[in-house]
Amino acid sequence: MSDLTTRLRAQALAEGFSDFGVCKPDAVPETAARLKTFVDAGRHGQMGWMAERMGWRGSPSALWPEAKSIVMLAENYGPDHDPLDVLAHKDRAAISVYAQNRDYHDVVKKRLKRVGRWLIEQDPKAEIKVFVDTAPVMEKPLAQAAGLGWQGKHTNLVSREIGSWFFLGAIFTTVELETSDAEVDHCGSCRKCLDVCPTGAFPAPYQLDARRCISYLTIEHHGPVDEELRVGMGNRIYGCDDCLAVCPWNKFAERAAEVKYHGRPELMGAKLADLAVLDDAGFRTLFSGSPIKRIGRNRFVRNVCYAIGNSEDQGLVAVAQALVEDEDATVADAARWAVERLNG
Ligand code: B12
Ligand code: SF4
Ligand code: SF4
């Protein structure tokens, strides 16, 4: 590794990142065609932004022609408990691990900027752009090319060293850095993630139909959810961890060192009855600084109503009944569905 790349790696790890790798912007030319297949099949559902700026998304060189290297970084958010345990407690809410405390976009971006500033200090002519999640960049194939892990059959990145509870961040730079070796697939004959999916969201290994994924349905999807899928959602009210949690490589995962990802006690197994009564102000207060804030009270309470409908808990009929006249038509529909389902 070149001296600068070695020192940059050390700096990134000292900042708290769990892994570091470098690839060229055009390292994965096949992603553009794969993205097109995904979008042409409509698998992005209502995420219209995925169909926009596809040229940039499929080709980092088109997004920023001056970039010479892409630094990919892994940020561990590993839990200290089995996130699937809460699924057995049907009167309680399952919130995915990544959303149990602070919004990772803010935390990772600050860390990326600090590493980027260090690089500029070494080379004042260097230019950088930092990305985490929201830019038209396909982070997973780039991370695989940079050696951080491989895209497992559930499509997320898995690492032999740290499992799969990690976020990705990227630093694009005009500096020529030494590239890492790409990682190769270690899924073998395993298919645990494909088999566990409650809504059958994998049409084939390495392919996801987001329209059936509970993460998409609870976070991205506006309006009512298909009734067949509501049942599969169980008590998952924000995101879903099932396909990650069953992955055998997570035996190497460790709890996040960053306390901003440690689950807030009031969100771990919160009672559906307490969440259903949140009004706008109560929702915003409870989820200040959390990624959950983004979906707003109505979509959140819609999800809680679906979970109540799946709870088999007669004690929650009155909670849903109180929402059947809600001002939001989707919440009212979800509440009526919950009452009907609980009443058999
Ligand atoms: C859109 C999106 C979603 C959508 C769609 C997910 C998806 N798989 O596409 C939804 C809302 C469902 C979602 C859910 C989740 N997401 Co998300 N999401 C994204 C986002 C913004 C873009 C992903 C994308 O480009 N999808 C388009 C498809 C076409 O690309 P792809 O997933 O890479 O698909 C590849 C495969 O299909 C492959 N392929 C196709 N055919 C074949 C055949 C073979 C043989 C092979 C090898 C490959 C292959 O080629 C495609 C291109 O590489 C990224 C951030 C980013 N900017 O990259 C985060 C991101 C992927 N999400 C992330 C997370 C954490 C999640 C959740 C775990 C959150 C949760 N707990 O609920 C779930 C996981 C669900 C899952 N199984 O994927 C992390 C993943 C980190 C990691 N370790 O990989 C990311 C990287 C955000 C971040 N910065 O950390 N997400
Ligand atoms: S996140 Fe949940 S619903 Fe989505 S693919 Fe994984 S197991 Fe299926
Ligand atoms: S659960 Fe098995 S198939 Fe799925 S990503 Fe992990 S190793 Fe690969």
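A quick note: this is a predicted structure, and the numbers were derived from the prediction, not measured.

Draft legend 1. Quick look at the sheet that holds strand E1 (residues 19–23). Strand order in the open sheet made by the four strands is E1-E2-E7-E4, with antiparallel pairing throughout. The two strands at the open ends of the sheet, each matched to only one other strand, are E1 and strand E4 (128–131). Across the sheet, the axes of successive neighbouring strands diverge by a mean angle of 20°, strand direction being ignored. Across the sheet, helix H5 (residues 104–122) is in contact with strand E2 (69–76), E4 and strand E7 (166–173); its angle to E7 comes to roughly 35°.

Draft legend 2. Structural view of the domain arrangement of the chain. By the assigned domains, the chain splits into domain 1 (3–78 + 98–173) and domain 2 (192–252 + 263–342). Here the C-alpha centroids of domain 1 and domain 2 sit 28 Å apart. Facing the 25 residues of domain 1 at the interface are 28 residues of domain 2. Split by residue class, the side of domain 1 that touches domain 2 holds seven nonpolar, 12 polar and six charged.

Draft legend 3. Here's a closer look at H5. With 19 residues, H5 should cover 27 Å at 1.5 Å per step; its first-to-last C-alpha distance of 27 Å lies within 8% of that length. Among all positions of H5, only Tyr104, Val107, Val108, Arg111, Leu112, Val115, Gly116 and Leu119 are buried. On an axial view of H5, the arc spanned by its buried residues comes to 165°, and they lie on one face. Facing away from the buried side of H5 by over 90 degrees, the exposed positions are Lys110, Arg117 and Glu121. Buried residues in H5 make contact with helix H1 (3–14), E2, E4 and E7.

Draft legend 4. View of unusual backbone geometry. Here Thr155, not a glycine, exhibits a phi torsion of approximately 80°, which is positive. Looking at the element boundaries, Thr155 is found in the loop between strand E5 (150–151) and strand E6 (157–158). Looking at Thr155, the number of C-beta atoms within 10 Å reads 18, which means it is partly exposed. One non-glycine residue, Glu312, adopts positive backbone phi at about 55°. Along the polypeptide, Glu312 turns up in the loop between helix H13 (296–309) and helix H14 (317–321). Judged by the 10 C-beta atoms lying within 10 Å of it, Glu312 falls in the exposed class.

Draft legend 5. Inspection of the pairing of E1 at higher detail. Judged by how many residues are buried, E1 sits mostly within the fold: five of five residues are covered. Residues Asp19, Gly21 and Cys23 of E1 are buried on one face, and the alternating residues Phe20 and Val22, pointing to the opposite face, are buried as well. As defined by bridge partners, E1 adjoins E2 across five bridges and the pair is classed as antiparallel. Counted as the bridge partner of Val22 is Val71 from E2.

Conventions we followed
For every chain, the first residue of its written sequence is number 1, and the numbers climb from 1 along that sequence. Written order determines the labels here, with chains lettered from A and ligands numbered from 1. It should be noted that, the model being predicted, local features are given only for residues of pLDDT at least 70 and side-chain atom pairs only at 80 or more, the latter also being counted only at that level, while totals for whole chains, interfaces and linings use all residues. By the convention used here, strands pair only if DSSP detects at least 2 bridges between them. Runs of H or I in DSSP of at least four residues are treated as helices and runs of E of at least two as strands, each being numbered from the N terminus. Interaxial angles span 0 to 180 degrees and are taken between N-to-C directions of axes, which are lines fitted to C-alpha atoms, for helices over the stretch in contact. Two residues form a contact once the distance between their C-beta atoms, set from the backbone, is within 7 Å. Boundaries between domains were set according to an automatic or database domain assignment. For this classification, the nonpolar set comprises Ala, Val, Leu, Ile, Met, Phe, Trp, Tyr, Cys and Pro, the charged set comprises Asp, Glu, Lys and Arg, and every other residue, Gly included, is treated as polar. In a helix, the anticipated span is given by 1.5 Å times the number of residues less one. Every C-beta atom is placed from the backbone, and the number of other C-beta atoms within 10 Å of a residue's own sets its class: buried at 20 or more, exposed at 12 or fewer, partly exposed in between. Think of the arc as the fan of directions from the helix axis to the C-beta atoms.

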